[in-house]
Protein chains: 2
Amino acid sequence: DRQAQKAGQLFSGLLALNVVFLGGAFIGSMIFNNVSITLGDVWILLAALKVLALLWLLYYIVGTTRWPQAVLHRDPHAGPVWVRGSLVLFGSCTICLNVFRIGYDVSHSHCKSQLELVFPAIEIVFMGFQTWVLWKHCKDCVQVQTNLTRCGLMLTLATNLLLWVLAVTNDSMHHEIEAELNAMMEKFSGNETNTCLCLNATVCEVFRKGYLMLYPFSTEYCLICCAVLFVMWKNVGRRLAAHAGPHPSSPPFRLHGAIFGPLMGLLVLVAGLCVFVLFQIEASGPNIARQYFTLYYAFYVAALPAMSLACLVGTAIHGLEERELDTLKNPTRSLDVVLLMGAALGQMGIAYFSIVAIVATRPNELLNQLILAYSLLLILQHITQNLFIIEGLHRRPLWEVAPRSLEEKEAEHSRRGSLLELGQDLRRASRAYIHSYNHLNWKRRILKEISLFLILCNITLWMMPAFGIHPEFENGLEKEFYGYRTWFTIVNFGLPLGVFYRMHSVGGLVEVYLGA
Amino acid sequence: DRQAQKAGQLFSGLLALNVVFLGGAFIGSMIFNNVSITLGDVWILLAALKVLALLWLLYYIVGTTRWPQAVLHRDPHAGPVWVRGSLVLFGSCTICLNVFRIGYDVSHSHCKSQLELVFPAIEIVFMGFQTWVLWKHCKDCVQVQTNLTRCGLMLTLATNLLLWVLAVTNDSMHHEIEAELNAMMEKFSGNETNTCLCLNATVCEVFRKGYLMLYPFSTEYCLICCAVLFVMWKNVGRRLAAHAGPHPSSPPFRLHGAIFGPLMGLLVLVAGLCVFVLFQIEASGPNIARQYFTLYYAFYVAALPAMSLACLVGTAIHGLEERELDTLKNPTRSLDVVLLMGAALGQMGIAYFSIVAIVATRPNELLNQLILAYSLLLILQHITQNLFIIEGLHRRPLWEVAPRSLEEKEAEHSRRGSLLELGQDLRRASRAYIHSYNHLNWKRRILKEISLFLILCNITLWMMPAFGIHPEFENGLEKEFYGYRTWFTIVNFGLPLGVFYRMHSVGGLVEVYLGA
């Protein structure tokens, strides 16, 4: 049984690997040799993959899940509500993006091939259906047709991964839009060019804006889909222990009298909102004035040290606490930690590239010094926050009964005679434990304050890039240094990961808060 | 205790991550903006890292290991002899490479800065000392100053990783040599150019040849160092169970009457040697005739299907065998499997890029069709061989006493009275088991034949790229398609991994052979 599972995982993993390599070679060829392999070829390959994945998803819905005893268990840890929510949110954004693209293409129909409309149409169907299936079935532990299901899941995952790679590296649409804007400028100044121009200027403007604004969401959507599909793949054929029963319900979210942390957090949130609104108003014009960049970076330079300090204090308090560490294996938590560390790489990568670009060019302007400080603080903040969250996740929460180890059970087994007394003893001891902790001691109180502060801060820092502020791209410094395409790739690789990191941090911090 | 270990690993991992990111940003800047960040800057950064790592290595030797009880245990699985051997072999090659580079620079001293000689000199000291330390201490499980040791190991690992990244992406020396050759050609035809020319032509020729031949070894050396350092890092603070005792000695390598496999393998080896010698003689000239490429690829196209078939038959026999699967956790084996899969990615990546390039250009020439077949077969062979080796590693070897699980022990504990009888029973059963298997049944015999055949084939396929045949680079097809720099990066990334894969496969296959 375990052998069949291993073999199935190995085989489906190899399938995904080959699909990803083939697609990666296609995309690489497109980038480095634009003549022989065009974007159209890559689209055809991806369309074929999407159709295949779609067929499998359809079969999964009408075939596999209808079998008797197909889904006996549902993994309570998989697909928490915030993941499913963001799946639907970003999924609808991606569909909107494709609608805008169709609109843009139609309004340029006099100089573009009609055939190109097929690709966004396929993408809309694929994304819509996939979102629906994942929403409904992300907790499934399928027990029938396990090998087919594994291969299907891996095919879908590979498709999403390739869509992400293409979205990260393909800036042709952005180039096209920029070329059109330049052509319009030139038209005003009297020079005629042969660039394809829009039929209806205002409608086009809407499509263009919408496309550019929604673009980061679609890259994020692919990443989240990959994570969900990976968890489903891990869960294929898994049998949950029946006695584990339902997920231990977490205690309700109460403030426990924490005041200082939420207040400080609200302050950051309000300040962030002001900066966000000011920046967005300014960003609707063609050029953003220097002072707004200064404002944006100054906000970060003020907020990040406070967050880092809070994390350091929190880590120190974790070290002081006498509560025992939960060192048992816990796959969900391990995945959480890996995702947290992995997602942090995105922003840290951007920050390091910024640092090198600034140091190598002109570190004596105020704005550049601000960006330098911002990048350094961002790295520091990611490191300290990761330490704090990981330390916090490893504390055993008070409400969860410590799973008794095998030895204990065996020991109990041998002296079954005295079992009843033992049970009563245990219950008495645990009641006293919970009682003594209900009056929060100062350490737990500070931890709760810190967690709440960090939650609000992370929400602020999530909101700004998620809803379209990308000064990394607009300030022009690094774009000039690395060249358009390279910086586009770096930012599009790092930013969605950064947004994902903030979301994930909020999730982790809520757990730390509840467990503190 | 476990908490401190986790924290130390996290902290040192973050340190390495940041060093790698910083260096990666430097190297990325050098590639995409050659003006602001030059190769010299990257060299200065790396020299600083090397000096730091060197200081730590020195401290480790004279400080840490001299403490009382510093190294109580030595991990018997770490640093097998083939790893240490290749470490020394490739290490000396890297040192030779740097000697050649110094020679080349000195013979161009009239038009080059003397300061550049510092960098190869530092590299020679670093590589030499590192190789010596790793040779002596790769099995250590250090118990004192664990945090410092972890950080030092991670710093050294990051340095090696950056050296690898630089070696993979930096083709400036190759460009320089090519430019000089072109300049010499032009000089013969009467045009004077201002390229820096060598003072003594024959000596220069030796340095140049030596440099180009040894280059792939240095990239491999860095990879192997990273693997060894990672294992050492994992072993810091580890306490081996005392009762585990010495490593169960594997049975001596005997042929068990296998004839057909070794004979076929020897045939492949001899044919490979002939192709190798012919190709090397031809390659010493300026251009390689088309027929030698045809010969080389034809050899592969003949050998690879045989290997794939053998792997498939072996996997099928594994499936037939009734021996039980060893599903216990085994960190060494997990690392083995991960390294095998990871190293396979190198050749598979090259193969996929080749396929796309050929399909996109002209698939109707004989040589190109051969290359296409070669690439497809190479992918197939990697997949089947991985399946075969992984399946084989998961069989429990006959000579190893199955570690009794906890429950069994407990059960034994409870009926301690009858322990003596039980022990005698067990011993009798196992003796009968070994006896019945001493007369090899047909399945085990075929498995042994297949393993021997594959071992010899992998040695052949290891030898050819390791000692300087790189038709992927010299046939010019993909170089033209992707551009020089891109293809240089892809090949330099993939080929050393491919060579590592063959070495690692041989190790895995020997284990499969002994266990069959």
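Preceding block: the structure.
Presented here is a report on the structure given in the accompanying data block. (Residues numbered from 1 in each chain as written. Chains lettered and ligands numbered in written order. Predicted model: local features only at pLDDT ≥ 70, side-chain atom pairs only at ≥ 80, totals over all residues. Heavy atoms only, no water.)

Turning to the overall build of chain A, a few remarks are in order. Secondary structure summary: chain A contains 17 helices and two strands in total. Per-residue burial over chain A gives 51% buried out of 516 residues. Of the roughly 23900 Å² of accessible surface on chain A, a fraction of 67% belongs to carbon and sulfur atoms. (Helix = DSSP H or I, 4+ residues; strand = E, 2+ residues; numbered from the N terminus. Buried < 20%, exposed > 50% of the residue type's maximum accessible area, 1.4 Å probe, protein only. Areas by Shrake-Rupley, 256 points an atom, 1.4 Å probe, with all protein chains shown as cover.)

Centre distance and the angle of the planes are the two values used to describe a pair of aromatic rings. Within the structure shown, the criterion is met by 42 aromatic pairs over all chains. Taking 5.8 Å as the distance between ring centres and 40° as the angle between the ring planes, the aromatic pair formed by Tyr211 of chain A and Tyr215 of chain A counts as tilted. Here Tyr211 of chain A and its partner Tyr215 of chain A are both found in helix α7 (residues 201-235), four residues apart, which amounts to about one turn of the helix. Judged by centre distance (5.7 Å) and plane angle (10°), the ring pair of Tyr482 of chain A and Trp487 of chain A falls under stacked. With a relative accessible area of 0%, Trp487 of chain A lands in the buried category. Taken together through their ring pairs, the aromatic side chains of Phe279, Phe293, Tyr296, Tyr297, Phe299, Tyr300 and Tyr374 of chain A make up a single cluster. Above the plane of the ring of Trp135 of chain B lies Arg84 of chain B, whose end atom (NZ or CZ) is 4.8 Å from the centre. (Phe/Tyr/Trp six-rings, centres within 6.5 Å; stacked < 30°, edge-to-face > 60°. Lys NZ or Arg CZ within 6 Å of the ring centre and 35° of its normal.)

This paragraph deals with the nonpolar core. Judged by nonpolar contacts, the single largest core of 293 residues is most densely connected at Tyr296, Phe388 and Leu454 of chain A together with Tyr296, Phe388 and Leu454 of chain B. Excluding residues that lie within four positions of it along the chain, Phe388 of chain B makes contacts with Cys311, Gly314, Thr315, His318, Leu447, Ile450, Ser451, Leu454, Leu509 and Val512 of chain B. (Core = buried A, V, L, I, M, F, W, Y, C linked by side-chain atoms within 4.5 Å. Contact = heavy atoms within 4.5 Å.)

This next bit is on the interface of chain A and chain B. Every contact between the two is made by 41 residues of chain A and, on the other side, 41 residues of chain B. At the boundary of chain A with chain B, total buried surface from both sides reaches about 4000 Å², with 76% on carbon and sulfur atoms. It is Gln3, Phe21 and Tyr352 of chain A that lose the most area in chain A upon contact with chain B, and together they represent 14% of the buried surface on that side. Where chain A meets chain B, there are zero salt bridges. For the interface between chain A and chain B, the tally reads four residue pairs in polar contact (both at pLDDT 80 or more). (Buried area = accessible area lost by both parts, 1.4 Å probe. Salt bridge = Lys/Arg side-chain N within 4 Å of Asp/Glu carboxyl O. Polar contact = N/O pair within 3.5 Å; in protein donor to acceptor, adjacent residues only side chain to side chain.)

Residue and element names in this part refer to chain B. Enumeration according to the criterion identifies six cavities of 30 Å³ or more in this entry. Within this model, the largest cavity holds a volume of roughly 110 Å³. Lining of the largest cavity is provided by 15 residues; of these, Tyr300, Gln347, Tyr374, Leu461 and Pro465 occupy positions nearest its centre. Those elements giving two or more residues to the lining of the largest cavity turn out to be α9 (290-320), α11 (366-393), α14 (442-466), α15 (471-474) and α17 (484-515). Ranked by residue count, the leading element in the lining of the largest cavity is α17, at four residues. Residue classes in the lining of the largest cavity are distributed as 10 nonpolar, three polar and two charged. Of the pockets and cavities examined, the second largest cavity occupies roughly 90 Å³. (1 Å grid on protein atoms, 1.4 Å probe; cavity = no way out; pocket = protein on both sides within 12 Å on 5 of 7 lines; lining within 4 Å. Points joined across faces, edges and corners; volume = space filled by probe spheres on them. Nonpolar A, V, L, I, M, F, W, Y, C, P; charged D, E, K, R; others polar.)

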